[in-house]
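Given next are the chains, with one letter for each unit.
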Amino acid sequence: MSAKLEKLCQKLKEILGERIADPVLRLGEVTIECQADVYIEVACTLRDHPDLRFEELIDLSGIDYSAYAGWPGKRFAVACHLLSITHNWRLRLRAYAADAESPVLPSVTPVWNGANWYEREAFDMFGIVFEGHPDLRRILTDYGFVGHPFRKDFPVSGYVEMRYDPEQGRVVYQPVTIEPREVTPRVVREEKYGRG
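Here is a short report on the structure shown in this document. (Residues numbered from 1 in each chain as written. Predicted model: local features only at pLDDT ≥ 70, side-chain atom pairs only at ≥ 80, totals over all residues. Heavy atoms only, no water.)

## Side note on the sheet that holds strand β5 (residues 89-96)
Thinking step 1. Judged by pairing direction, the sheet is mixed, and its five strands sit side by side in the order β1-β2-β5-β4-β3 without closing on themselves. Only two strands of the sheet have a single partner each, and these edge strands are β1 (24-26) and β3 (56-64). Adjacent strand axes in the sheet meet at a mean angle of 25 degrees when their direction is disregarded.
Thinking step 2. Inspection of the sheet shows strand β2 (residues 29-35) paired to β5 by five bridges, in the parallel sense. (Pairing = 2+ DSSP bridges. Helix = DSSP H or I, 4+ residues; strand = E, 2+ residues; numbered from the N terminus. Axes fitted to C-alpha atoms, helices over the stretch in contact; angles between N-to-C directions.)

Put into structure tokens, the structure is as follows:
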């Protein structure tokens, strides 16, 4: 572990204390985890404390751990990738939603304004609701779309298909008509293949 990352881990433990789990250093990156009830408080401290100064949110994404083998924790989480320009540090902040049926986390848009569209994407793809978000609505799928495509239990072919109907002059939705099939690869070999 580099001295710089050791110093960051030490500062995180000193400043955030019991609000976070012990920082994890893996592959040259530091990750801290917190629960939903202290997520905003931790985010504000990371941004405002002079020894940390994580001024910039680089990315925010949703995570569904339901298909992760042997995962004992909560199903949904959000990972924020942060950058401190002042100290030249990078950090991953992961927060877990308490309820798997309807995952809810507070919005960090008031802390880092750049989180706005990232949270909308996580809402659209994973169904994670961000309380306090100024404009939480779908961003990648259609308004009438049913489900959240990045959830591990979402069917591969979806629930409905959309097509333009020239007779009705509009887009119509109908149940998926794709029939499952088994694809068996065809082996093509030259005539003298395998002969000495």
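## Things to note about the packing of aromatic side chains
Thinking step 1. A full pass over the atoms with the stated rule returns seven aromatic pairs.
Thinking step 2. On the numbers, 5.8 Å between centres and 80 degrees between planes, the contact of Tyr-65 with Tyr-68 is edge-to-face.
Thinking step 3. Note on Tyr-65: relative accessible area 10%, which makes it buried.
Thinking step 4. We classify Tyr-68 as exposed; its relative accessible area is 52%.
Thinking step 5. Taken together, Tyr-65, Tyr-68, Trp-71 and Tyr-96 form an aromatic cluster joined through their ring pairs.
Thinking step 6. In this arrangement the basic side chain of Arg-120 is found over the ring face of Trp-117, its NZ or CZ atom lying 5.5 Å from the centre. (Phe/Tyr/Trp six-rings, centres within 6.5 Å; stacked < 30°, edge-to-face > 60°. Buried < 20%, exposed > 50% of the residue type's maximum accessible area, 1.4 Å probe, protein only. Lys NZ or Arg CZ within 6 Å of the ring centre and 35° of its normal.)

## With respect to a nonpolar patch on the surface
Thinking step 1. Taken together, the side chains of Val-146, Tyr-159, Val-160, Met-162, Tyr-164, Val-171 and Tyr-173 present a nonpolar region at the surface, about 690 Å² in accessible area.
Thinking step 2. Top contributing element to the nonpolar patch by residue count: strand β8 (residues 160-165), with three residues.
Thinking step 3. Mapped onto the elements of the fold, Tyr-173 is located in strand β9 (residues 170-175).
Thinking step 4. The class of Tyr-173 is partly exposed, set by a relative accessible area of 40%. (Patch = residues over 30% accessible without salt bridge, like charges linked within 9 Å, V, L, I, M, F, W, Y side chains within 5 Å. Areas by Shrake-Rupley, 256 points an atom, 1.4 Å probe, with all protein chains shown as cover. Salt bridge = Lys/Arg side-chain N within 4 Å of Asp/Glu carboxyl O.)

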